[in-house]
Amino acid sequence: SNKLLVEFVSYILVVSQLSGQKRRSFNLRLVYPGAIFVDPARRPIGLIAEDILHELIHQILWTSWAINHDSFTKDHWSDLIVSPFTGNARPLPVLAQALCIYNAASLFHLSCLSRAPKCEHSLLRLMELKNGLPVLLGRIKERGRSHPAIAQIISIVENSYAFPV
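Residues numbered from 1 in each chain as written. Predicted model: local features only at pLDDT ≥ 70, side-chain atom pairs only at ≥ 80, totals over all residues. Heavy atoms only, no water.

The mixed open sheet is built from three strands, whose spatial order is β1-β3-β2. In this open sheet, the two strands that pair with only one neighbour each are β1 (11–14) and β2 (25–27). The mean angle between the axes of side-by-side strands here comes to 25 degrees, regardless of whether they run parallel or antiparallel. Across three bridges, β2 lies against strand β3 (residues 35–38) in antiparallel orientation. Directly across from Asn-27, in β3, lies its bridge partner Ile-36. Lying on the sheet, helix α2 (residues 45–67) is in contact with β1, β2 and β3; it crosses β2 at an angle near 20 degrees. (Pairing = 2+ DSSP bridges. Helix = DSSP H or I, 4+ residues; strand = E, 2+ residues; numbered from the N terminus. Axes fitted to C-alpha atoms, helices over the stretch in contact; angles between N-to-C directions. Contact = heavy atoms within 4.5 Å.)

This part covers the confidence of the model for the protein. Any region with low pLDDT has predicted coordinates that should not be read closely. Scored by pLDDT, the protein comes out at a mean of 85, with 90% of its residues at no less than 70. Between the elements of the protein, mean pLDDT differs from a low of 68, seen in helix α1 (residues 2–8), to a high of 95, seen in strand β4 (residues 80–82). (pLDDT = per-residue confidence, 0-100.)

A word on the pattern of salt bridges. Per the stated rule, a full pass over the model turns up five salt bridges. Note that Arg-125 and Glu-128 form a salt bridge whose closest N and O atoms lie 2.8 Å from each other. Residue Arg-125 and its partner Glu-128 are both found in helix α5 (residues 120–144); the two are separated by three residues, about one turn of the helix. In this structure Glu-128 comes out as partly exposed when scored by relative accessible area, which is 39%. With a closest N to O distance of 3.4 Å, Glu-158 and Arg-145 form a salt bridge. A residue pair is termed long-range when its members are at least 10 positions apart, and Glu-158 in helix α6 (residues 148–160) and Arg-145 in the loop between α5 and α6 qualify at 13 residues. Assessed through its relative accessible area of 34%, Glu-158 is described here as partly exposed. Owing to a relative accessible area of 43%, Arg-145 belongs among the partly exposed residues under this scheme. Here the salt bridges share partners, and the residues they tie into one network are Glu-50, Arg-125 and Glu-128. (Salt bridge = Lys/Arg side-chain N within 4 Å of Asp/Glu carboxyl O. Buried < 20%, exposed > 50% of the residue type's maximum accessible area, 1.4 Å probe, protein only.)

Following this line, the structure appears as structure tokens:
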């Protein structure tokens, strides 16, 4: 919601072509809380909005985990899971955040399509999300239920799941 954006983000900074990087947006976690960096070059507005949503959720989760002292052990950080979206192996806490982000992105694009049913970038992105999200949910559920913060993310996603079974 707009309220969350205002509460957690003070700055949305436009950066120009992140020199050879695949990512289109980033944040600096707790080093610079409240700042989101976005490269809008050659992207439809709906995907730029998804980038902002993506970084907003990271900001909320990193801050919440720090405030609540959600201690992840070395085992959590060394438990690598392969993302069905990128093919990269990432630590369990990072992909738990990705699960929340991709579900929110799915809900965002479903909302866009309810207003503009022929929005091509939302249709294409939603197909990609619909293919990968159930796989990611299964992988996170298999490995993350024992940690309270990750179990909470699983519960939130299951209760708002964009693609009901």
